[in-house]
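Residues per chain, in single letters:
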Amino acid sequence: MSKLNKEIADIFFKMADALEIIGENQFKIIAYRKAARVISDIPEDLRKIYKEGKLKDIPGIGEGISKKIQEYIETGSIKKAEEVFSKIPEGIIPLLSVPSLGPRTIAVAYQKLGVKNLKDLKKVLKDGSLAKLPGMGQKKVDNIIKGIELWQKGKERFLLGEIYPVVEDIIQELRGHKKIMDAVPAGSYRRMKETVGDVDILVATKETKKAIDVFCSLKGVERVLAQGETKGSCIFEGDIQVDLRALPPESFGSALQYFTGSKAHNVHLRGIAKQKGLKISEYGVFKKDKKIAGETEEEVYKSIGLIWIPPEMREDTGEIELALEGKLPDLVDYDDLKGDLHVHSKYSDGSATLEELAIQGRKMGYEYIAVCDHSQGAKYAGGLDLDELKKKMDEIKKVNAKRTGCYLIMGAEVDILPDGSLDYPDEILKEIDFVVASVHTGFKKDNTERILKALENPYVHGLSHPTGRLLGQREGYTLDIEAVIDKVVQENKLIELNAYYERLDLYDVYLRRAKEKGAKFYIGTDAHHTGQLWMIKLGIGMARRGWLEKKDVINTMGYKQVLKFLKSQK
DNA sequence: GCCGTTTTCGGCCCGACTGTTTTCAGTCG
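Described below are features of the structure shown in this document. (Residues numbered from 1 in each chain as written. Chains lettered and ligands numbered in written order. Predicted model: local features only at pLDDT ≥ 70, side-chain atom pairs only at ≥ 80, totals over all residues. Heavy atoms only, no water.)

Describing the nonpolar core
Reasoning step 1: Formed by 98 residues in total, the largest nonpolar core has its most connected members in L174 and F215.
Reasoning step 2: Here this core gets eight residues from one element, more than from any other, and that element is helix α10 (residues 160–175).
Reasoning step 3: Each of domain 2 (158–247) and domain 4 (339–569) gives at least three residues to this core. (Core = buried A, V, L, I, M, F, W, Y, C linked by side-chain atoms within 4.5 Å. Buried < 20%, exposed > 50% of the residue type's maximum accessible area, 1.4 Å probe, protein only. Helix = DSSP H or I, 4+ residues; strand = E, 2+ residues; numbered from the N terminus. Domains from an automatic or database assignment.)

As structure tokens, this is what we get:
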């Protein structure tokens, strides 16, 4: 997302929050949130769209908001927004995310008790003054106090890759139980979002209470928070909260659809249902009082005239319109990949030998793994000098000749130097079967020119972790991503979808953009030991979020075909 | 504030639960 888009989206998000506290019309608030979300999802700079006079073509942006965008582009601020923000203190807006505390209560606390921030709020909770106000009471106050504790403890979301193995284990265990007919994770986890708040799992069962009891006594459970008839909630190792909902099979599909979200996707679906005189809830699709669907997700979608939409696409960014026409993309699937195209070995900073990688690759059902170790300048990561490079080439030939594992492809992750040249001379690059280039230094500067130049090198196949982001640690480096994508396409190069759990780079918004522009992709885990190769699943999830199809991802080719393809690129 | 095969005005997504009440407002997912 461009810097401008982010600034404007942030203002609209904040406006929605502020208007909520002020008590503005609910639908106006929804409109601002929708506009903010849509803007966050647009890869092109709003300035460009504005100049083309096409702001109002963006769904969710009409007369009022387009004028405000124009005002921001021309003057750097929005009068209406400043006016709204001046009405309420800065410190109370974040309080909206405290569980059990909503905009109405915040407004009352501000107006009647002068609460301006978290500190003030804690005071009026403690001294009993909030409890005395009409409509309030001790129980409400207690819940808010608990809410604040929860909020302060668990502000950050988990990275998908941190919780993925834990959740997969839970799912396997639940599925193994005879009273449980099916167990499926829902929510942002199922949509494969790169960060996840808490995890919702749904089970289909005729004995809901029993299923909840099974869940609450799983081996990984550290603490049981709630254990009722249809819902259970536990803290698992690593402070991961998992909620379980047990449902009868006849409403499993509608519940799964409902709890998978996203919220925006569901709101849109309900609008369509309503137009048709139908009603969707977690219990099913209803025509008047008659239930017409609910057992499977497929029939829920079908009942309102859509084909089933893969969970990773359910963000209301155009997938519903396509599903109405029956024209969804045929997404790359979790078992489509024939190999991993970015792995490190002991030669640089990985821990596995070449043979170990080959053997593990075969176990995973791969035809090949590309071993892309660091280049000579990357001293911090044990980059290979020219002698080591030669040695590695020989060893790869030997391992491949033995056929004990999958094939290894001789690769290198070559540093892009500050001037845009590469960290091996061309006559060496020429000998390497798969050359990916990446930036590992100089994050503060604008890296566009440097990357564009590197992409002109005839021996480079692809660009690795293009934005350089590290989730929860740093934003990507400054980069004109549109220019980079254009260059990749123009030079017939590949873009990496780096599946390492902290990277997931490129990510959904830009993947879609790059696909639209005709780019091709490879997926690599950037694994540094064999225990990280499973992360390919995170990469495929992200690919699906970016609407990539099998034909867009070269890892779907077999060994010979992929080698041929790489040769054809030079 | 957005939007349009019942509409340029009058709609805009649904149900459960909780806590405060005695018919409902607020919060959540």
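Observations concerning the packing of aromatic side chains
Reasoning step 1: Enumeration over the complete set of coordinates arrives at 10 aromatic pairs.
Reasoning step 2: Seen from their ring centres, F12 and Y32 are 5.8 Å apart, and the 40° between their planes marks the pair as tilted. Placement of the pair is F12 in helix α1 (residues 3–22) and Y32 in helix α2 (residues 26–40), with a sequence separation of 20 residues.
Reasoning step 3: Take Y32: its relative accessible area is 5%, and that puts it in the buried class.
Reasoning step 4: For the pair F434 and Y522, a centre-to-centre distance of 5.2 Å together with 85° between the ring planes defines the contact as edge-to-face. Taken together, the positions of F434 in strand β14 (residues 434–438) and Y522 in strand β17 (residues 520–524) put the pair 88 residues apart, joining distant regions of the chain. For the residue pair F434 and Y522, the accessibility class agrees, reading buried in each case.
Reasoning step 5: Between K14 and the ring centre of F85, over which it is positioned, the NZ or CZ distance is 4.3 Å.
Reasoning step 6: Directly above the ring of W547 sits R512, whose terminal nitrogen or CZ lies 3.5 Å from the centroid. (Phe/Tyr/Trp six-rings, centres within 6.5 Å; stacked < 30°, edge-to-face > 60°. Lys NZ or Arg CZ within 6 Å of the ring centre and 35° of its normal.)

A word on the pairing of strand β13 (residues 407–415)
Reasoning step 1: Of all nine residues in β13, eight are buried, a share of seventy percent or more.
Reasoning step 2: Strand direction decides the pairing type here: strand β12 (residues 368–374) and β13, joined by seven bridges, are parallel. When the sheet's bridge partners are listed, H374 is paired in β13 with E413.
Reasoning step 3: Chirality of the crossover, the property in question, places the unit of β12, helix α18 (residues 386–402) and β13 among those that are right-handed.
Reasoning step 4: When β13 meets β14, the two strands line up parallel, connected through five bridges. Each residue of the ladder has a partner; that of E413, found in β14, is V436. (Pairing = 2+ DSSP bridges. Right-handed = clockwise from strand over helix to strand, strands pointing away.)

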